[in-house]
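Chain by chain, the residues run as shown.
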Amino acid sequence: MVENARSANIVANLVLLAGIAYILVPLYLALTTASHSYPFMLQNGLVWSFGDQFLVNVTRIFTETSIPVQMANSLVVAVGSAAATCVLSFLSAYAVVYFRIRWAGPVFALILATVMLPLDVRFITTYQVASNVFSPLNAVLDATGLNELIADVFGAPGALQWSILDTRFGLIVPILAHGMGTFLFRQFFMTLPKDLFKAARMDGAGPIRFMVDILLPLSRTTFASLFILIFLTGWTQYLWPLVATSTPDMQTAIVGLAKLVPEETAVPDYPLLMAGAILVSTVPVLMIAFMQRYLTRGLVLSEK
Amino acid sequence: MNAINPAIHVAAASIRLGGVTKSYGRLTVIPRLDVEFRAGEFTVVLGPSGCGKSTLMQMIAGLERVGGGRIVIGEREVQDLEPKERGCAMVFQNYALYPHMTVFDNIAYSLRIAGVTKGERRTRVELVARMLGLTDYLGRKPSQLSGGQRQRVAIGRAIVREPAVLLFDEPLSNLDAQLRHDTRVELAELHRRIGATTVFVTHDQVEAMTLADRILILNKGEIEQYDTPKAIYHNPASVFVAKFIGSPPMNILAVSGDGSVLRLSDGRAIAKCGLKGDFQLGIRPEDVAVDHTGAASALKAHVRYREDLGSHSILAADLAGATVRIITPFGSEAPERSELLLSFPLQRLHLFDAMTGKAIPGAFGAATKDQK
Amino acid sequence: MNAINPAIHVAAASIRLGGVTKSYGRLTVIPRLDVEFRAGEFTVVLGPSGCGKSTLMQMIAGLERVGGGRIVIGEREVQDLEPKERGCAMVFQNYALYPHMTVFDNIAYSLRIAGVTKGERRTRVELVARMLGLTDYLGRKPSQLSGGQRQRVAIGRAIVREPAVLLFDEPLSNLDAQLRHDTRVELAELHRRIGATTVFVTHDQVEAMTLADRILILNKGEIEQYDTPKAIYHNPASVFVAKFIGSPPMNILAVSGDGSVLRLSDGRAIAKCGLKGDFQLGIRPEDVAVDHTGAASALKAHVRYREDLGSHSILAADLAGATVRIITPFGSEAPERSELLLSFPLQRLHLFDAMTGKAIPGAFGAATKDQK
Amino acid sequence: ANIDFWYGNTGAVETAIKAQCDAFNAAQSEHKITCIGQGSYEILMQKAIASYRAKNAPVLLQVLDAGTLDMMLSDAVVPVQDELPDVKWGSYIAGARAYYETSKGKLFAQPYNASTLLFYTNKTELEKAGIAKTPETWEDVIDAARKLKAAGSTCPFVTNGEPWIVFEQFSARHGLPIASKHNGYDGLDAEYVFNTTLAAKHMVNLAEWRSEGLVRLAADTKSGNLNTAFTSGECAMLESSSGSYTTYTKAFEGKYELSVGMAPMYKGHERHNTFVGGASLYIMKGHGKEEVEGAKAFLDFVRRPEQQMSFAAATGYVPVTNDVLDAIGKSGESNSPKYATAAIGIVSMSEPATPDTRGIRLGAYIQFRQIWTEETQKAFAGQQTMQVAFDNAKKRGDELLRRFQQTYKGVALP
Amino acid sequence: MSSESSVFSNRWLPALLVAPLVLLVMLFFYVPIFQAFYWSFFLERPFGGGSEFVGWDNFLRVFADPEFWKASWRTLIFMAIGSSLSVLVPLILAIAADRKIRLSLPARNVLVWPKGIAGVSIGLVFSFIFNPFVGVLAPLNSLVPGIWNPNFDGFDAWVALIAAHVWGGIPFNFVVLLAGLRAVPHTIYQAAAMDGAGPWRRIFDVQLPLIMPQLFVTLLLEFTESVTSAFSLIDTITKGGPGGATTLLVYKIFQDGFSSYDLSGASTQTAILMVFVLAIATAQFALLGRRISYER
Ligand SMILES: Nc1ncnc2c1ncn2[C@@H]1O[C@H](COP(=O)(O)OP(=O)(O)OP(=O)(O)O)[C@@H](O)[C@H]1O
Ligand SMILES: Nc1ncnc2c1ncn2[C@@H]1O[C@H](COP(=O)(O)OP(=O)(O)OP(=O)(O)O)[C@@H](O)[C@H]1O
Ligand SMILES: O=P(O)(O)OC[C@H](O)CO
Ligand SMILES: [Mg+2]
Ligand SMILES: [Mg+2]
């Protein structure tokens with residue numbers, strides 16, 4: 001950094017080496033394990049050398065488990081939630097930043113508060129909502145006595161029913177109820193020169209044109225980093241898809257992977273599990289390795 | 001750089017502000033402004049930071065609502081119109097180009113919004129580009145342009161709509177000295193050719209002096225002086241203006257008049273004058289003469305330091321407790337920390353009221369001291 | 001602002017660089033530099049952006065390792081020492097104050113590291129603070145200070161250790177014009193009192209001219225000229241230096257000599273000279289004389305435009321296809337777009353080699369044209 | 001009609017269930033069943049709750065044994081015996097019925113995948129250590145363990161310490177009450193009593209034997225896993241589900257000889273029946289007649305002897321109607337290893353019953369199992385004595401029961 | 001951005017633009033939270049059909065339950081140890097990676113990978129690695145039998161859990177902290193070097209004070225997140241065991257709600273957890289937030 005303090009550089013190198021090892025050793029062991037057969041693993045345990053069963057294990061993942069289908073689900077969920085988050089966040093941040101509205105502050109606070117309580121804390125009651133999206137409406141109808149009225153008029157009380165459990169849609173929407181993206185876009189918009197806005201107004205652009213012609217193209221990198229962030233969240237989440245889906249064909253790969261661990265009857269087939277874990281992690285890890293720039297930008301921006 | 005061709009010439013319109021006021025919350029930025037920018041003139045607005053220059057521009061442009069009063073452009077009252085309906089164009093300090101659009105698209109954007117056909121758009125953008133020497137850069141993004149080129153794109157974007165009024169908010173402050181100089185010359189040329197009524201905000205005196213038909217000097221939202229550069233330089237209406245223009249600024253000395261002469265605080269007589277009372281006496285550094293003849297009227301001063309700038313030197317001398325700066329022409333030199341005899345030519349003196357700082361015209365005889 | 005008291009005076013040390021080189025990867029920033037900054041002198045390093053000024057400073061300070069060669073400060077060879085062992089102090093462009101420490105702590109930090117006792121620390125910081133007029137601000141954080149105050153804290157931090165060498169890397173470039181002027185004067189004063197060998201990097205000519213005992217002009221890591229300000233202004237060693245110093249810069253015209261006169265590209269004779277071949281002829285804008293007498297040697301030129309700066313005007317005239325800028329003294333005026341007769345006083349002319357750009361001394365008789 | 005059936009099993013059992021569903025759909029065209037695995041009994045139950053509240057529950061639901069009371073009180077299911085009054089429910093062996101019927105003898109759910117606890121030994125290893133006869137009592141087991149240890153075995157007997165193995169089935173076959181009111185059959189105001197019975201003593205013994213090196217917890221073994229510890233030959237004896245039988249025979253093939261018997265008793269105690277384990281099927285309310293018909297048809301289908309036989313053969317679960325046993329007898333394969341546990345399992349479940357060995361009808365029982373496991377694990381780890389663990393478990397369990405009672409205030413036990 | 005000149009003044013358009021997100025946030029964030037609080041005052045039967053208002057009963061019961069306190073205590077300990085380690089480890093790595101050394105670039109890439117690896121996968125890998133019989137520490141057991149057994153020894157289970165937690169938490173905190181370090185102007189380091197501060201001293205005198213904002217943010221998020229993010233790790237590595245040693249509050253809520261159908265109890269604990277998380281966040285803001293914002 002400043003002067004070439006050898007000792008400091010050596011220590012720094014050692015620290016990084018240890019850090020890289022800390023990250024890589026588990027991954028490496030997962031790889032070696034995945035390359036052995038189950039009986040071999042039972043006899044030898046964890047080994048540092050590679051075997052020749054990797055393809056076999058991967059093939060087993062494809063033939064014996066639902067993970068391939070589930071990876072498709074994960075992809076749908078990850079892409080879906082990332083895309084939807086991008087759109088919703090962009091729109092709401094735009095509204096909050098570029099309009100003179102008195103409620104902008106409160107609404108933004110309302111949205112941002114979602115960062116504080118992750119889905120994992122509220123999953124039980126979220127599950128109830130997901131099992132009937134209209135339940136709050138029904139409750140309101142009941143509470144206000146409107147339902148009696150409806151019952152009088154239509155002969156039956158209004159009890160709308162729409163469950164999104166065990167659907168990909170149901171896996172996506174609760175993730176969307178999150179303020180991170182709005183925050184990211186808002187931060188980004190605030191860094192844009194105000195003169196850009198003024199120039200566009202001078203050029204005659206109204207709110208929609210400004211949004212589409214100027215803001216949207218300029219937000220590309222923010223879109224990219226938010227997309228990656230939410231994609232990773234969507235891909236790696238566990239608790240919600242665990243409870244919100246029932247059929248293996250609806251579950252995400254992460255849930256499918258966890259399900260490969262037998263309840264209690266045998267030593268888990270670690271080679272198979274590791275092959276699965278590797279397979280399931282390839283998509284996001286490749287994404288990170290190639291788009292790390294955007295991810296870091298996303299992670300950083302989100303904090304400032 | 002000299003790529004300007006006569007091509008666009010607009011029908012300039014005057015801008016009249018009548019009783020315009022503006023406050024932000026409790027902060028009054030513009031108490032009340034009445035001013036007319038004449039059609040086709042180049043007006044430079046000058047004033048310290050925060051005095052309301054940008055606010056003024058934005059009210060004219062329609063980016064900021066007026067607190068009260070009327071703005072008339074040409075014959076139309078515009079204060080309630082949208083920016084795009086006012087026939088103004090604006091060039092921003094950092095250009096505010098659309099970074100994701102090519103030069104062509106940047107210039108064409110307002111036409112696109114206005115629904116101008118593609119072919120027509122192309123024609124007009126190309127015309128402007130030729131005029132500004134941007135033809136070769138139409139396909140580039142702003143990030144691939146130099147500061148000066150960006151500047152010209154910003155101007156192109158403004159003039160492509162053939163606005164009756166061109167507004168510039170410190171458009172040169174981001175350029176380096178050389179480029180600034182060149183662009184300044186270009187702007188003057190451009191204005192001559194297009195003829196749009198131009199209002200130009202700057203901090204830079206050289207720009208103000210060289211570009212303006214008239215200079216409007218603002219101080220806390222109020223007009224200090226509105227006149228030609230020459231008049232502003234040579235007949236400042238107030239101490240504020242006198243000290244604001246000129247580098248180094250005008251020397252101001254506290255004097256008192258006894259009805260026949262003005263005296264410095266140490267009692268020495270500095271100039272003949274029939275007025276009585278306390279005044280501020282101003283003289284520009286280049287007007288103070290170093291007396292080599294030893295005339296009786298010359299005043300002795302102690303040289304504090306000297307800065308040699310090659311082309312000329314600046315002497316700082318103590319005179320009755322105040323520092324007087326003197327520009328000595330190239331070649332003449334006074335050793336540092338020496339004594340000097342200074343003379344103050346009567347026709348170069350300015351007298352200001354000690355309290356209000358307002359100029360007292362004709363204090364030394366002639367009503368104006370305009371040089372030729 | 002004039003809060004400087006004589007209090008600290010250090011034993012200045014000379015800095016000698018012998019064959020110093022520096023590359024970043026494949027980019028050679030300093031090919032080979034031999035220079036001596038004399039003890040107690042104030043040297044300004046001037047040069048275009050990227051020429052290696054900061055690199056030079058950092059090598060002296062020990063923040064950057066030399067690629068090769070030796071650096072001797074006083075009697076010690078320091079190129080392999082840690083920064084703190086070199087006895088240098090540095091003031092950075094953005095001051096680089098510790099934002100989380102108070103002014104006191106900022107100044108005291110180096111003493112704390114050096115293990116100076118608390119009481120001693122307090123004494124010395126207070127001394128420095130008094131010297132720089134910072135006594136009232138010792139408890140503040142840098143963010144609560146104005147630009148000029150921060151500047152002084154940075155200086156205070158540098159001098160509290162009583163360094164034999166003071167290094168400044170563009171310390172004034174963040175200040176506004178007024179403050180810059182004041183700080184410049186203060187710095188000159190400060191140097192006079194402390195006496196540390198000072199190396200000062202700047203882009204600003206006025207600073208260079210007014211502050212320096214000597215100016216070192218760097219171009220691509222090599223010395224273009226190293227001399228007093230006066231010599232640099234009046235005897236530039238090359239076209240590079242000539243065009244680098246002066247505002248507007250020296251006019252440079254392509255001429256060819258036939259053994260008796262130098263001729264412009266259009267064949268007109270401009271000066272007598274016994275040299276043959278192609279040259280570049282230089283003359284400063286203030287040295288071009290507007291001839292009103294109609295002397296035969298005068299050359300006719302077409303005025304392109306004129307900029308009136310109040311104190312003086314700059315005329316730009318076409319002469320044999322080149323633009324010649326002329327500073328006309330206050331009062332004289334030529335109408336724009338008119339013809340002018342220009343005369344080029346022989347003793348004010350500079351001749352440079354057409355290829356190398358190096359000055360050809362004595363081309364017009366006298367070896368130097370130093371003015372008095 | 002199109003009907004849904006939710007189940008919780010995974011692995012081989014899931015495969016067998018799916019096969020049954022396919023067979024059902026293939027066998028008739030009137031109904032179409034969709035069988036949906038929920039991954040585990042617990043999650044299945046939670047989802048059933050939510051979906052029932054949201055009024056889109058499946059018509060057929062598999063619920064584990066320990067969830068029986070919750071279902072009975074839920075008011076969300078129709079007793080199978082009410083829906084299918086004509087079925088000869090009496091042909092279900094008593095041990096399998098008792099768990100799922102009301103105190104008045106009405107069957108609420110149709111037993112489906114039934115298991116019970118059995119005792120397995122590695123006969124080869126035992127003989128090597130000079131033990132000729134398969135132990136039948138705990139005293140025998142410990143004697144054998146001592147001999148095995150002397151012969152160099154590091155793990156004579158292994159257990160995973162799960163409550164249904166070492167505690168519930170132990171209490172049942174020794175005729176010990178787990179809670180008052182006949183394990184809750186007679187009222188929601190039952191209290192746990194197991195901490196005062198032989199069950200507590202048994203756990204103390206296990207802990208002691210463990211420190212003596214005669215008993216190992218699965219977590220102490222090389223694989224850390226109950227079945228592998230046995231199949232690898234590391235451990236010589238264990239109590240385990242009848243459903244594990246096929247796993248063992250396959251693993252032992254050619255290496256060791258397996259013996260299977262009823263779980264050991266303490267000397268001097270009369271043997272009673274073991275509980276039925278596994279899960280049973282419920283018909284949920286809120287469905288149209290058509291769908292209920294479909295559900296009934298599926299229940300009829302899986303009750304058929306040949307279906308039960310193939311399911312038992314594929315999974316090791318025990319067939320639980322007498323006619324199936326007859327059918328196995330007639331099939332000529334009654335000695336086939338795939339039915340080995342069927343016979344012995346049914347014998348075990350058919351030992352004389354008492355009011356305390358019908359089953360467990362206690363609220364929040366799954367949570368109680370967790371508490372029980374937690375407390376005893378602490379005891380095994382030496383953080384407290386086993387008796388304290390039991391007392392704690394009782395105390396915490398009683399709190400659960402009271403809470404449960406409060407939740408169902410005013411609801412009568414069917 | 002409140003200035004008139006840089007905003008539009010339409011009224012309905014912005015409402016229309018935020019509506020979709022606000023609706024989702026209401027439905028899937030505020031309604032569930034409201035529901036949790038609502039249920040915590042009722043005694044709910046799992047299958048519905050009976051719901052009795054019990055006032056503060058549920059809270060009293062939860063507060064009287066020693067298991068709740070143990071789980072809360074474990075949560076606190078996990079927060080303290082897990083969070084500080086998952087900030088400290090990335091901090092050390094970031095300080096190292098901030099130096100211009102060869103490993104810095106690869107490290108910056110590799111250290112972000114875990115972000116893409118799900119808690120479940122991490123849990124599986126670590127449960128295998130920490131398996132006492134076949135894992136990396138198995139040799140320890142052959143030296144001193146039984147010394148390492150996370151299936152049995154609560155302490156070992158914690159070690160495994162925290163190692164996995166820190167592993168998964170590295171990317172985010174590393175990136176944020178590194179960004180903070182890189183934002184410190186180079187000249188400040190140079191100034192410190194001129195003042196005589198060596199690399200070690202600079203860490204404490206300059207770097208750490210200057211990345212306080214980032215440290216604060218990472219700690220804040222770690223604290224709030226460690227409450228929940230451990231779920232998938234616990235579920236795959238320890239299942240809350242051994243002997244409940246790793247049953248943190250979230251896991252207990254999951255168990256109570258999902259295996260005991262105790263909706264009221266689980267909701268009550270959820271409500272308490274929410275208040276707790278918010279309290280922690282607020283306290284952090286109050287204690288740390290104000291002190292760390294200085295402009296550069
Ligand atoms: N949106 C706003 N809200 C509140 N105060 C404002 C706003 N815009 C400007 N001001 C204040 O109004 C005054 C005038 O601002 P304005 O931008 O017009 O100054 P200026 O003359 O352009 O200054 P500068 O030379 O620094 O650009 C300043 O005191 C400024 O702080
Ligand atoms: N750490 C570095 N790595 C690579 N190249 C560098 C580094 N530091 C400086 N350079 C290059 O070395 C050259 C000289 O840089 P230096 O900072 O000394 O210029 P300078 O004269 O101070 O310029 P300026 O006036 O813009 O500050 C430049 O081309 C610069 O890009
Ligand atoms: O593993 P199973 O299906 O035999 O069931 C065993 C216990 O009864 C589960 O509660
Ligand atoms: Mg402004
Ligand atoms: Mg530099």
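No experiment lies behind these values; they were computed from the predicted model shown.

### Quick notes on unusual backbone geometry
And then number 1: Although it is not a glycine, Ala96(B) sits at a positive phi angle of roughly 50°.
And then number 2: The class for Ala96(B) is buried, based on a relative accessible area of 4%.
And then number 3: You will see that Lys181(D), though not glycine, has its phi angle at about 55°, which is positive.
And then number 4: Positionally, Lys181(D) belongs in helix H9 (residues 180-183).

### Overview of the packing of aromatic side chains
All names here are of chain A.
And then number 1: The tally for this structure, following the rule as stated, stands at 78 aromatic pairs over all chains.
And then number 2: Each ring, one from phenylalanine 90 and one from phenylalanine 223, has its centre 5.2 Å from the other, and the planes form 35°; the classification is tilted. Taken together, the positions of phenylalanine 90 in helix H4 (residues 67-98) and phenylalanine 223 in helix H13 (residues 220-236) put the pair 133 residues apart, joining distant regions of the chain. Each member of the pair, phenylalanine 90 as well as phenylalanine 223, is classed as buried.

### Describing the interface of chain E and chain A
And then number 1: Chain E puts 102 residues into the contact, and the matching count from chain A is 103 residues.
And then number 2: Between chain E and chain A, the buried area comes to about 9400 Å², and carbon and sulfur atoms account for 80% of it.
And then number 3: At the boundary of chain E and chain A, one finds zero salt bridges.
And then number 4: Along the contact surface separating chain E from chain A lie nine residue pairs in polar contact (both at pLDDT 80 or more).
And then number 5: For the side of chain E that touches chain A, the element with the highest residue contribution is helix H1 (residues 12-39) of chain E, accounting for 21 residues.
And then number 6: Class assignment for the residues of the side of chain E that touches chain A results in 73 nonpolar, 22 polar and seven charged.

### Regarding the site of ligand 3
Residues and elements named next belong to chain D.
And then number 1: Neighbouring ligand 3 are the residues Tyr41, Asp65, Ser115, Trp164, Ser241, Gly277, Gly278, Tyr317 and Arg369.
And then number 2: Between ligand 3 and serine 115, the relevant distance is 2.5 Å, taken from an oxygen atom to a side-chain nitrogen or oxygen of the residue.
And then number 3: Within the complex, 81% of the 310 Å² of free accessible area of ligand 3 lies under protein.
And then number 4: Along the lines of polarity and charge, the residues of the shell around ligand 3 split into three nonpolar, four polar and two charged.

### Here we look at the arrangement of the chains
And then number 1: Contacts between protein chains span eight pairs of chains, and they are most numerous for chains A and E.
And then number 2: In this view chain B stays clear of chain D, with the nearest C-alpha atoms of the two still 50 Å from each other.
And then number 3: These two, chain C and chain D, are apart from each other, with no contact and a minimum C-alpha gap of 50 Å.

### Focus on the domain arrangement of chain A
Residues and elements named next belong to chain A.
And then number 1: Partitioning chain A into domains gives domain 1 (1-63) and domain 2 (65-301).
And then number 2: Distance from the C-alpha centre of domain 1 to the C-alpha centre of domain 2: 33 Å.
And then number 3: Buried surface at the junction of domain 1 and domain 2, summed over both partners, amounts to about 1300 Å²; 77% is from carbon and sulfur atoms.
And then number 4: Among the residues of domain 1 in contact with domain 2, Tyr38, Arg60 and Ile61 are the three that bury the most area, contributing 45% of the side total.
And then number 5: Our count for the domain 1 to domain 2 interface comes out at one salt bridge.
And then number 6: Measuring nitrogen to oxygen at the nearest pair gives 2.8 Å for the salt bridge that ties aspartate 269 to arginine 60.
And then number 7: Counting across the domain 1 and domain 2 interface gives two residue pairs in polar contact (both at pLDDT 80 or more).
And then number 8: Counting residues per element, the ones that place at least two in the side of domain 1 that touches domain 2 are helix H1 (6-34), helix H2 (38-44) and helix H3 (54-64).
And then number 9: With seven residues, H3 is the single largest residue contributor to the side of domain 1 that touches domain 2.
And then number 10: Across the side of domain 1 that touches domain 2, the residue classes tally to 10 nonpolar, five polar and one charged.

### Here's the deal with the state of the cysteines
Defined simply, a disulfide is a covalent bond joining two cysteines at their sulfur atoms.
Residues and elements named next belong to chain D.
And then number 1: Enumeration according to the criterion identifies two disulfides over all chains in this entry.
And then number 2: Across the disulfide from cysteine 21 sits cysteine 35; the S-S distance is 1.8 Å. Across the S-S bond of cysteine 21 and cysteine 35 the torsion is about -100°, and the bridge reads as left-handed. Residue cysteine 21 is found in helix H1 (residues 11-27), and its partner cysteine 35 is found in strand E2 (residues 32-37); the two are separated by 14 residues along the sequence.
And then number 3: Residue classification places cysteine 21 among the buried residues on the basis of a relative accessible area of 3%.

What counts and how
- Residues numbered from 1 in each chain as written.
- Chains lettered and ligands numbered in written order.
- Predicted model: local features only at pLDDT ≥ 70, side-chain atom pairs only at ≥ 80, totals over all residues.
- Heavy atoms only, no water.
- Buried < 20%, exposed > 50% of the residue type's maximum accessible area, 1.4 Å probe, protein only.
- Helix = DSSP H or I, 4+ residues; strand = E, 2+ residues; numbered from the N terminus.
- Phe/Tyr/Trp six-rings, centres within 6.5 Å; stacked < 30°, edge-to-face > 60°.
- Contact = heavy atoms within 4.5 Å.
- Buried area = accessible area lost by both parts, 1.4 Å probe.
- Salt bridge = Lys/Arg side-chain N within 4 Å of Asp/Glu carboxyl O.
- Polar contact = N/O pair within 3.5 Å; in protein donor to acceptor, adjacent residues only side chain to side chain.
- Nonpolar A, V, L, I, M, F, W, Y, C, P; charged D, E, K, R; others polar.
- Near = heavy atom within 4 Å.
- Areas by Shrake-Rupley, 256 points an atom, 1.4 Å probe, with all protein chains shown as cover.
- Domains from an automatic or database assignment.
- Disulfide = S-S within 2.5 Å.

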